[in-house]
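Each chain is listed here by its residues.
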Amino acid sequence: MFGIVWSLINSASDAISPSCPIEQELSQYWTSLTNYYLQKNDHNWKQVVEVTHIPKELKSIANLLLKEDEDLNQDREEKDISIGNGFEYFLQNKLSQKLADLAEVDVPLGLSSYILIFFTQLIERFKQNILLNGSVFNCIQKLIKICDQVTPGPYEAVQVDFLSCLVNKIQAKPELMKLFARNDFTLLKSLTPYLKSPDNRVSYQASSSILILIQLCDDSLANDILKNLSFFQNIIDHLKYLYIDISDSLTADEIESALTKLQNLDENDLNKLNFKLNLDQQNGHENSFSVKVEKFFTFFRWFVFSDVLAQVKSNLISSKFVEIFSQTFLNQCIIFDLLKLETPENLESLLLTTFILSNCLKTMTSDKLAFVLIHFITSDSIYSEEREKIRQKKESLFTILINRCNLGEISLVSCNFAYFKGRYFKLAISTMQLFEELFSKSCLDPFINLIIKYIISRNYLDSATELKTESSNLDESLLSINIHIKNFTNLIPKELKSCQAQREVGFEPYIMEAQKKLEEYIKTCSDNWPENDLNLAFESTKMYLPEGPSTSNHFKDGNQVFFEGPFLSMLFDNLQNILQLPYEINLQVSDHLF
């Protein structure tokens, strides 16, 4: 009963007495906060912020300012009111600058994180755009630099939340972009270290924010970013570091096994390996991968980020980034692993690098990045003397890769057959799969460099045009490929057939898989090649071909003979030795032919 009476007396007292002005309340909270620093006690300076009253005072100040802004927002349209008395007091007494100074000192330990939370709340929830205020903006700039100076650690989630809220505000108000682009774009620079965070939520948040900023850059801002290339170089350097880290400890079989497990999580097998993937939070899968395999996933997420970065709308930025990717990652890192001699001690390393490169190409969506990777693989240029020392003779990477795939009669006679068993056969299959991924990309260059420039002097184009005229729709094309496959299987010796009759169970899935791939290739060609007839498509490729004699003009015993090119020659050599080669190799060869 006494408690009820006392409550009624307090309520009546509050109703009679006038409320305290917001400036006075703010002053009281601020005085209470700063009293901590006035106490002459050495023990205080060694405390962590959580054991003090400072977080509570900061929260009270934020609540007051946000409540005032929410109340004033209802009257802003009717009355000419920009800010309230409380926020005006906050500005006049330079509390924002004082808080930034305290965050820089970070005493008691951890104070900077609570000050970041304080400003994150104001920026996100204030109806007015407080970033346009000069004193607030200067304070924010100082806090951005603090986030850049701090090595990602216990408070990295708070720090990246603060930086991301600024990016979201810039995205909503693009006119702010030029303000933050000053002073070497410290916001972009501060976000970069968080990409390396072991916390996938933090790294994903940082990557999303970076992409938003770069997507908002026009040509003038792009030039400002390109003045300091360390941002792009740091990204590629870390990609290179992650690759070297996994290449020293992992095998292709372990990666293949892990990818098979991931395919069971959802229908998108490799696309899930982006920054959204948090392996630690997958239900029932937190302990399913080894530390070594998780290193591969970290590399792959970083590669996916690089792939997305290569697709930003600024041509200046994307082109420069792809150039650095080509120079640093491909030509200063990957190339040396691919050029290793095919000795027993190098086979695992060669297989791993080829497998990684193939999966990178499979997941890649950037046309520019795909172009440099395709050129890197198919270019027939001679490399530097330093690289020639690895092979001990002049060979291009393309020639080396073709030779690895070619298990024809010459290779089998000149080398020990047992050497090709096991791991070497797997290396050949993996290299063929790499070429298969090249052809799956929406780019004419693989077809031009590997096939068209060798057969363009023949009359195959006329036959192709006739075929196109006869089979004008997809259903007729599928019927045509069905007939060709059946004709091909009739030529295969019975002892090599997995199905002895076309009516057996295994034959229909084989036909369906071939038809599915044909549909994919038709869609790729229709989306990216000229829409008119095939003649015009092939005519348009002549501008890419080198001037001079046709590449199909070769001489044997003084007589001119037709040469189908190294790629088709490799396939035909393997096809000729189909009886000597294992089933997996033959399957991969027939996969290329169809």
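Use the structure listed above.
We now turn to the structure provided with this report.

Thresholds applied
- Residues numbered from 1 in each chain as written.
- Predicted model: local features only at pLDDT ≥ 70, side-chain atom pairs only at ≥ 80, totals over all residues.
- Heavy atoms only, no water.
- Axes fitted to C-alpha atoms, helices over the stretch in contact; angles between N-to-C directions.
- Helix = DSSP H or I, 4+ residues; strand = E, 2+ residues; numbered from the N terminus.
- Parallel < 35°, antiparallel > 145°, perpendicular 65-115°, else oblique.
- Left-handed = near helix turned anticlockwise from the far one by under 90°.
- Contact = heavy atoms within 4.5 Å.
- Patch = residues over 30% accessible without salt bridge, like charges linked within 9 Å, V, L, I, M, F, W, Y side chains within 5 Å.
- Areas by Shrake-Rupley, 256 points an atom, 1.4 Å probe, with all protein chains shown as cover.
- Salt bridge = Lys/Arg side-chain N within 4 Å of Asp/Glu carboxyl O.
- Buried < 20%, exposed > 50% of the residue type's maximum accessible area, 1.4 Å probe, protein only.
- Arc of directions from axis to C-beta.

## Quick notes on the packing of helix α15 (residues 291-309) against helix α17 (residues 347-363)
Consideration 1: For the pair α15 and α17, the least separation of the axes is 11 Å and the interaxial angle reads 40°. When the axes of α15 and α17 are compared, the pair comes out oblique. Considering the relative orientation of α15 and α17, their crossing is right-handed. Listed contacts from α17 to Phe296, Phe299, Phe300, Phe303, Val304 and Asp307 of α15 are Ile356, Asn359, Cys360 and Thr363.

## Some words on a nonpolar patch on the surface
Consideration 1: On the surface, Val48, Val51 and Leu109 cluster together into a nonpolar patch covering about 260 Å² of accessible area.
Consideration 2: Among the secondary structure elements, Val51 is positioned in the loop between α2 (22-38) and α3 (54-73).
Consideration 3: Residue Val51 is classed as exposed on the basis of its relative accessible area, which comes to 56%.

## A word on helix α5 (residues 95-105)
Consideration 1: The complete set of buried residues in α5 reads Leu95, Ser96, Leu99, Ala100, Leu102 and Ala103. The buried side chains of α5 occupy one side of the element, clustering within an arc of 160° when seen end-on.
Consideration 2: Positive backbone phi, approximately 60°, marks Asp106, located one or two places after α5.

## Description of the packing of α2 against α5
Consideration 1: Put simply, α2 and α5 touch, their axes get as near as 13 Å, and they point 30° apart. Relative to α5, the element α2 is oriented roughly parallel. For the element pair α2 and α5, the recorded crossing hand is left-handed. The residues of α5 that touch α2, namely those facing Trp30, Leu33 and Tyr37, are Leu95, Lys98, Leu99 and Leu102.

Distances and angles like these do not, on their own, reveal function.
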